[in-house]
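Now for the letters of each chain:
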Amino acid sequence: MTESSRPTVLGLVADPGLPTEFAHRLARELPGVLDRDADGSWEVRVSDDRIALDEHGALPMTEIGERARDREDLDAVVLITDLPRRAGSDPVVADGATGSRVGLVSLPALGAFDQYRRCRDTVVQLVTRHLFPSREREGVGQDSDAGRAGSLTRLDPDDTGAADADGDDRSGSAGVEDEVDVRLSLTGLRGRIRLLAGMVRANRPWRLVPSLSPAIAAAAAGAAFGIFYSNIWELATALSVGRQATITLVALIAMTTWLILDNGLWESRRSRSLREEMLLSNLSTVLTVAFGVLTMYVLLFGITLTAAALVIPPDYLGTNIMREAGFDDYLMIAVLSASMGTIAGALGSGFADEGAVRQAAYSRREQERRARLDRDEEPAGSR
């Protein structure tokens, strides 16, 4: 094959987990997309290089990309990470070092839904407009890619790396590298909300429930108490819907708060430059744990409702509540029993392994980030 007919080779380097899944899907789909939206033919490979944070907890994008490019004879490299990145207060969707032809896409900034499509279109936009701007076909990609990837704002990396009036670094978690000359962000409130949703998605909150087996056992015992005691039936059917909803909400908040505090999931940093990062991190923790607790409650409610229908005969229930029993009465009993079980589960969660809860509540990159911050916050004399 002659040099002129050689396809342009794009390498993808991804974090373990969802980023790697996306990278393999992109390797199959991107050649056709790039052939259509840019001149020439394209080949996309998933590199074996790993994305490792440096001793400061930063992600050396250009160093990783250049190493993969030189070793595997690639024309350009795009990193895909689940590490949230900010420039000042703005979520960073993508970075590019055009001189090195290295780019990076941060999945959390793409939001919680439709992440793969947004990731694909952001990679296309990054490659065709910034890493290979001369390869973009006239009239193709300039508008269509922007619409699919989202309305991204190009920031000046030099400005985002400046210090504010009080001397605090505003570069945020994305940091600043000399070679980075393209930074794409979704600015404003919409960008922050999308970043927060993406951080929760990266934590995969549905993994929390299996790690809370002691809490689930205590919750099941508490819910069973509501099924087998007629006084609970009378109370449940006498309560209004609003009061039942309030009890349920209090139970969910109580268990969420207990899990966060008991397992040390709440961040409290002294550094002013980390204040907004800490706020986003704590909000993502609350939403992650709350989603896990809500999932547990829904499962507990379904089991309790089924058990109540099997255990409590309608005639016997009607005798206790002094009227004909209906399906709505079983619903009210199940709701109150599940709420009681959730409160009991909060107490039982104290026996859950703290490491397992942390591992379930955070992605691997978030665990690394928090460990690095913990080390940085330690007093010098304690090291």
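Whatever comes next refers back to the structure up there.
Residues numbered from 1 in each chain as written. Predicted model: local features only at pLDDT ≥ 70, side-chain atom pairs only at ≥ 80, totals over all residues. Heavy atoms only, no water.

Moving on, we come to the overall build of the protein. The helix and strand tally for the protein stands at 14 helices and eight strands. Counting over 383 residues, the protein shows a buried share of 52%. A total accessible area of about 17600 Å² is found for the protein, and carbon and sulfur atoms account for 57% of it. (Helix = DSSP H or I, 4+ residues; strand = E, 2+ residues; numbered from the N terminus. Buried < 20%, exposed > 50% of the residue type's maximum accessible area, 1.4 Å probe, protein only. Areas by Shrake-Rupley, 256 points an atom, 1.4 Å probe, with all protein chains shown as cover.)

Turning our eyes to something else, we now look at the packing of helix α1 (residues 18-37) against helix α3 (residues 115-131). Contact geometry of α1 with α3 gives a least axis separation of 9 Å together with a crossing angle of 50°. Between α1 and α3, the angle falls in the class oblique. Helix-helix and strand crossings are classified by hand; for α1 and α3 the assignment is right-handed. In this structure, α1 uses L18, F22, R25, L26, E29, L30, V33, L34 and D37 to contact α3, whose residues at the interface are Q115, Y116, C119, R120, V123, V124, V127 and T128. Taken together, the residues of the contact of α1 with α3 break down into 11 nonpolar, two polar and four charged. (Axes fitted to C-alpha atoms, helices over the stretch in contact; angles between N-to-C directions. Parallel < 35°, antiparallel > 145°, perpendicular 65-115°, else oblique. Left-handed = near helix turned anticlockwise from the far one by under 90°. Contact = heavy atoms within 4.5 Å. Nonpolar A, V, L, I, M, F, W, Y, C, P; charged D, E, K, R; others polar.)

What follows concerns the packing of aromatic side chains. Throughout the structure, instances matching the rule amount to four aromatic pairs. Ring centres 5.4 Å apart and planes at 90° place the aromatic pair W42 and F132 in the edge-to-face group. Taken as a pair, W42 in strand β2 (residues 42-46) and F132 in the loop between α3 and α4 (144-149) lie far apart in primary sequence, 90 residues in all. For the pair W42 and F132, a shared accessibility class is recorded, and that class is buried. R25 extends its terminal NZ or CZ atom over the ring of Y116, reaching a point 3.7 Å from the ring centre. (Phe/Tyr/Trp six-rings, centres within 6.5 Å; stacked < 30°, edge-to-face > 60°. Lys NZ or Arg CZ within 6 Å of the ring centre and 35° of its normal.)

The next point concerns the packing of helix α8 (residues 230-238) against helix α11 (residues 314-321). One can describe the packing of α8 onto α11 by two numbers: an axis separation of 9 Å at closest approach and a directional angle of 70°. Taken together, the axis directions place α8 and α11 in an arrangement best described as roughly perpendicular. Residue-level contacts link S230, W233, E234 and T237 of α8 to Y316, L317, N320 and I321 of α11. Its residues assigned to classes, the contact of α8 with α11 comprises four nonpolar, three polar and one charged.

Okay, the nonpolar core next. Counting residues in hydrophobic clusters, the biggest one holds 37 residues, and the most contacted among them are L10, V78, C119, V123 and V127. Those elements that provide at least two residues to this core are β1 (8-14), α1, β2, β3 (76-81), β5 (90-97), α3, β8 (182-185) and α6 (188-203). When near neighbours in sequence (up to four residues on either side) are disregarded, V123 contacts L10, L26, L30, V78 and V105. The next biggest cluster of nonpolar side chains, apart from the first, holds 19 residues, and it includes A215, A223, L259 and V335. (Core = buried A, V, L, I, M, F, W, Y, C linked by side-chain atoms within 4.5 Å.)

Time to look at the pairing of β8. Of the two faces of β8, the one carrying V182 and L184 and the one carrying R183 and S185 are both buried. Relative to β8, β5 runs antiparallel, the two sharing four bridges. Opposite A94, over in β8, you have L184 as the bridge partner. (Pairing = 2+ DSSP bridges.)

It is worth spelling out the pattern of salt bridges at this point. This model, assessed by the stated rule, comprises 11 salt bridges. Linking D121 and R117 is a salt bridge whose minimum nitrogen-to-oxygen distance equals 3.5 Å. Placement of the pair is D121 and R117 together in helix α3, with a separation of four residues, close to one helical turn. Among the residues examined, D121 registers a relative accessible area of 2% and is labelled buried. We note a salt bridge from D329 to R323, for which the minimum N-O separation is 2.8 Å. Because the salt bridges share partners, they merge into one network encompassing E29, D114, R117, R120 and D121. (Salt bridge = Lys/Arg side-chain N within 4 Å of Asp/Glu carboxyl O.)

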